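Residue-level structural notes
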Amino acid sequence: MSDAGCHAWAIPRTTRDLDGAIDLRHHLVDHEAQALDASGGNICAHTAAPAAVHPVDDKDQRRLDITRQTIDQAMIISPPLVDFPQIEDAGWSAIHDALLGRISQAASVAQMQRRAESILTADKRQQKADQ
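Bear in mind that the values here come from a model prediction, so they are computed numbers and not experimental data.

Time to look at helix 6 (residues 105-130). If you check helix 6, its first and last C-alpha atoms are 38 Å apart, about what 26 residues at 1.5 Å a residue would give, namely 38 Å. Taken together, the buried positions of helix 6 are Ser-108, Gln-111, Ala-116 and Ile-119. On its buried face, helix 6 sits against helix 5 (84-99).

A word on the nonpolar core. In terms of nonpolar packing, the biggest core is built from 5 residues, these being Ala-38, Cys-44, Ala-49, Val-53 and Leu-64. Ignoring any residue separated from it by four or fewer positions in sequence, one finds Cys-44 in contact with Gln-34, Asp-37, Ala-38, Ala-49 and Pro-50.

Here the focus is the pattern of salt bridges. Under the defined criterion, the tally for this structure stands at 2 salt bridges. Two residues, Arg-63 and Asp-60, come together in a salt bridge whose shortest N-O distance is 2.8 Å. Here the residue Arg-63 and the residue Asp-60 both occupy positions in helix 4 (residues 58-74), the gap between them amounting to 3 residues, near one helical turn. Judged by relative accessible area, Arg-63 falls into the partly exposed class, the value being 34%. The buried category is assigned to Asp-60, whose relative accessible area is 13%. Its salt-bridge partner being Arg-102, residue Asp-97 comes within 3.1 Å of it at the nearest N-O pair.

Interhelical geometry of helix 5 versus helix 6 gives an angle of 165° and a closest axis separation of 9 Å. In terms of orientation, helix 5 and helix 6 fall into the roughly antiparallel class. Relative to helix 6, helix 5 is oriented so that their crossing is right-handed. Across from Gln-86, Ile-87, Ala-90, Gly-91, Ser-93, Ala-94, Ile-95, Asp-97 and Ala-98 in helix 5, the residues of helix 6 making contact are Gln-105, Ser-108, Gln-111, Met-112, Arg-115, Ala-116, Ile-119 and Leu-120. Among the residues making up the contact of helix 5 with helix 6, the classes are represented as 9 nonpolar, 6 polar and 2 charged.

Checked against the element boundaries, Gln-34 lands in helix 2 (residues 31-39). Classification of Gln-34 as buried rests on a relative accessible area of 3%. Sequence-distant contacts of Gln-34, that is, excluding residues within four places in its chain, are made with Trp-9, Leu-28, Val-29, Cys-44, Ala-45, His-46 and Ala-49.

Reading the values: the criteria
Residues numbered from 1 in each chain as written. Predicted model: local features only at pLDDT ≥ 70, side-chain atom pairs only at ≥ 80, totals over all residues. Heavy atoms only, no water. Helix = DSSP H or I, 4+ residues; strand = E, 2+ residues; numbered from the N terminus. Expected span 1.5 Å × (residues − 1). Buried < 20%, exposed > 50% of the residue type's maximum accessible area, 1.4 Å probe, protein only. Contact = heavy atoms within 4.5 Å. Core = buried A, V, L, I, M, F, W, Y, C linked by side-chain atoms within 4.5 Å. Salt bridge = Lys/Arg side-chain N within 4 Å of Asp/Glu carboxyl O. Axes fitted to C-alpha atoms, helices over the stretch in contact; angles between N-to-C directions. Parallel < 35°, antiparallel > 145°, perpendicular 65-115°, else oblique. Left-handed = near helix turned anticlockwise from the far one by under 90°. Nonpolar A, V, L, I, M, F, W, Y, C, P; charged D, E, K, R; others polar.

Given below as structure tokens:
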């Protein structure tokens, strides 16, 4: 759950122990594990976990207020696209290249746009073929 700065867990298609992977994923997102994560300062996807965090002082209360306000008003949620991980990979690699000076910022944005359009166009073609 990357864009929001939260953890994400995926189970690869090649996993040898699917049941174990599913159990681990369920454990990682259950209230107890998320509450432990939240108590360390992380903002978790399990909404009850961060809500249960008690500030240690006024400064911490302000930090929690700002964080909750940011989540409520400014967080970008990844769109529900099956191919979003591919689009995200194209994006971070283009940003990485720009940060290293391999390409310009404008070229990075153009590269991300081209790759995203290519992925989405291929996805639409596949959907039509499946019909």
